[in-house]
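Here are the chains, one letter per residue:
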Amino acid sequence: MIFVHGWPTLGLMWRAQMEAFAADGWHCVAPDLRGYGGSSVPEANDAYAIEDVVADMAELHDHLGGKSAIWVGHDWGCVVVGELAAHQPERSRGVVLTSLAYQPDGHALRTIVPLVDRTIYPADQYPDGQWDYYRYYTTHFEAAIADLDADLAASLASIFRPGDPAGMGKVSPNAMVTRNGGRFGAAHRAPPTQPDPALWPPADFDVLVQSFKAYGFRPSCAWYLNDDANIAYARKAANGGRLSQPVLFVNGDFDQICSITGNRQGDPMRAACADLTVTSMPSGHWLPLECKTELIQAIRTWLQGNNL
């Protein structure tokens, strides 16, 4: 089982799942992706296109023996895992996606903004809906990085918060980043915030903060700057990116950005997966951290049901 993290985290986020499945007898691996932790940190923004990250994962997989594996992704890790399964299906006998639905045409503003729930985000007020923060990276990259880098620990602590059911059906703060002049508004730095120990064990959170001290947020945020390349790569997959492997999608019910409940965000995934199982949990976006044991059990049940 290969666990693939997203923004802005590390392979370490999968500690609970790795320990559980290793105890079940699985060989578990959770790499730091390029731009993160101990991995390579290319200078060019276009080095963070999904095709390049999939190539990294393929090389890692070959190094591990190349046997068909279970790939588990979260956030941008879902994009990597989905594209790897679409382009190199022999590497994957099962796919688990947490929090972010697979987009067969590529995960990019052009593919996700048309799926925005316009009952929450009227187009004249919120042209990009909950994805405004994504747009802000493409229009104000240097400012976005400077704000996040101003206080690394506070930025990370403020980002990793549990989901709030009261926020569902309401406008996400991420939809107002541009009009507020940045994620943290006029302060241009995160407010003092204590990390949530229920999400990150304190020692692991310290490792996360330390990992950002060398290069800041620039490499991880460069992942948002490669829409054209990512769409072009997705279009090269066979069968329109259709996934033939069993796929488990785990939805966070309180995820204001990525939940597929009550909107069209999951429709392309449903159409593109031959064998899709969808389950949901009372979680915000950080589902593998918020629902550690529940996610483990959901994956176990799915693995057993599919004889994987």
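Please refer to the structure higher up on the page.
Rules and cut-offs
Residues numbered from 1 in each chain as written. Predicted model: local features only at pLDDT ≥ 70, side-chain atom pairs only at ≥ 80, totals over all residues. Heavy atoms only, no water. Buried < 20%, exposed > 50% of the residue type's maximum accessible area, 1.4 Å probe, protein only. Helix = DSSP H or I, 4+ residues; strand = E, 2+ residues; numbered from the N terminus. Arc of directions from axis to C-beta. Contact = heavy atoms within 4.5 Å. Salt bridge = Lys/Arg side-chain N within 4 Å of Asp/Glu carboxyl O. Pairing = 2+ DSSP bridges. Axes fitted to C-alpha atoms, helices over the stretch in contact; angles between N-to-C directions. Core = buried A, V, L, I, M, F, W, Y, C linked by side-chain atoms within 4.5 Å. Parallel < 35°, antiparallel > 145°, perpendicular 65-115°, else oblique. Nonpolar A, V, L, I, M, F, W, Y, C, P; charged D, E, K, R; others polar.

Colleague: Whenever I open this one, helix α1 (residues 15-23) confuses me. Can you help?
Modeller: Because the α-helix completes a turn every 3.6 residues, residues three or four places apart line up on one side. Among all positions in α1, only Gln-17, Ala-20 and Phe-21 are buried. Each buried residue of α1 sits inside an arc of 90° when the element is viewed along its axis, so together they form one side. The elements touched by buried residues of α1 are β1 (2-4), α13 (287-290) and α14 (292-305). Downstream of α1 by a residue or two, Gly-25 has a phi angle that is positive, lying close to 105°.

Colleague: Where do I start with the pattern of salt bridges in this structure?
Modeller: It is possible for side chains of opposite charge to pair when their charged atoms get near one another. Enumeration according to the criterion identifies 11 salt bridges in this entry. For Arg-15, the salt bridge is made with Asp-204, and the minimal N-O distance between the two is 2.7 Å. Taken together, the positions of Arg-15 in helix α1 and Asp-204 in helix α9 (residues 202-213) put the pair 189 residues apart, joining distant regions of the chain. Under the relative-accessibility criterion, Arg-15 is labelled partly exposed at 36%. Asp-204 sits in the buried class, given a relative accessible area of 5%. Here Asp-267 and Arg-270 are joined by a salt bridge, their closest N and O atoms 2.9 Å apart. Of the two residues, Asp-267 and Arg-270 both sit in helix α12 (residues 267-272), 3 residues apart, roughly one turn of that helix. The class for Arg-270 is partly exposed, based on a relative accessible area of 38%.

Colleague: Help me out: how do you make sense of the pairing of strand β4 (residues 243-252) in this one?
Modeller: Looking down a regular strand, the side chains alternate between one sheet face and the other. Along β4, 9 of the 10 residues are buried, which leaves the element largely enclosed by surrounding structure. Bridging between strand β3 (residues 92-98) and β4 involves 4 bridges; their strand directions are parallel. What sits directly across from Val-95, in β4, is Val-247. Relative to strand β5 (residues 273-281), β4 runs parallel, the two being bridged by 8 bridges. Within β5, the position partnered with Pro-246 by the bridge is Asp-275.

Colleague: It is not clear to me how the sheet that holds strand β2 (residues 69-74) should be interpreted in this structure. Could you clarify?
Modeller: Strand pairing in a sheet relies on backbone hydrogen bonds, with the paired strands running either antiparallel or parallel. Read across the sheet, 5 strands follow the order β1-β2-β3-β4-β5 without closing on themselves; strand pairing throughout is parallel. Two strands bound the open sheet, and with one partner strand each, they are β1 and β5. On average, each strand axis in the sheet is inclined to that of its neighbour by 15°, with strand direction left out of account. On top of the sheet, α14 reaches β2, β3, β4 and β5; it is set at about 155° to β4, its chief contact.

Colleague: How should I be thinking about the environment of Leu-109 in this particular structure?
Modeller: With respect to the helices and strands, Leu-109 occurs in helix α4 (residues 109-112). The exposure class assigned to Leu-109 is buried, which follows from its relative accessible area of 5%. Each C-alpha atom, one on Leu-109 and one on Asp-128, is 8.0 Å from the other, the two residues being 19 residues apart in sequence. Leu-109 has contacts with Pro-114, Trp-131, Tyr-134, Arg-135, Thr-138 and Asp-227, leaving out every residue within four places of it along the chain.

Colleague: Looking at this structure, I do not really get the nonpolar core. What am I missing?
Modeller: Generally speaking, a soluble globular protein has its nonpolar side chains buried in company with each other. Core analysis: the largest hydrophobic core is formed by 98 residues, its most contacted members being Trp-7, Trp-131 and Phe-217. When residues of this core are assigned to their parent elements, the largest contribution, 8 residues, is made by helix α3 (residues 76-87). If near-sequence neighbours (up to four positions away) are discounted, Trp-131 is found in contact with Leu-100, His-107, Leu-109, Ile-112, Val-113, Val-116, Ile-257, Cys-258 and Gln-265.

Colleague: What is the right way to read the side chain of Ser-283 from this model?
Modeller: Mapped onto the elements of the fold, Ser-283 is located in the loop between β5 and α13. Judged by relative accessible area, which is 0%, Ser-283 ranks as buried. In this structure, Ser-283 is in contact with Gly-163, Gly-252, Asp-253, Phe-254, Asp-255, Glu-290 and Cys-291, ignoring residues within four places of it in sequence.

Colleague: Looking at this structure, how should I read the packing of α3 against helix α11 (residues 227-234)?
Modeller: How two helices sit against one another is set out by the angle between their axes and by the gap between those axes. At a minimum axis separation of 11 Å, α3 and α11 run at an interaxial angle of 30°. Between α3 and α11, the interaxial angle falls into the category roughly parallel. Counted together, Trp-76, Glu-83 and His-87 of α3 and Asn-230, Tyr-233 and Ala-234 of α11 form the full contact between these two elements. Classifying every residue of the contact of α3 with α11 gives 3 nonpolar, 2 polar and 1 charged.

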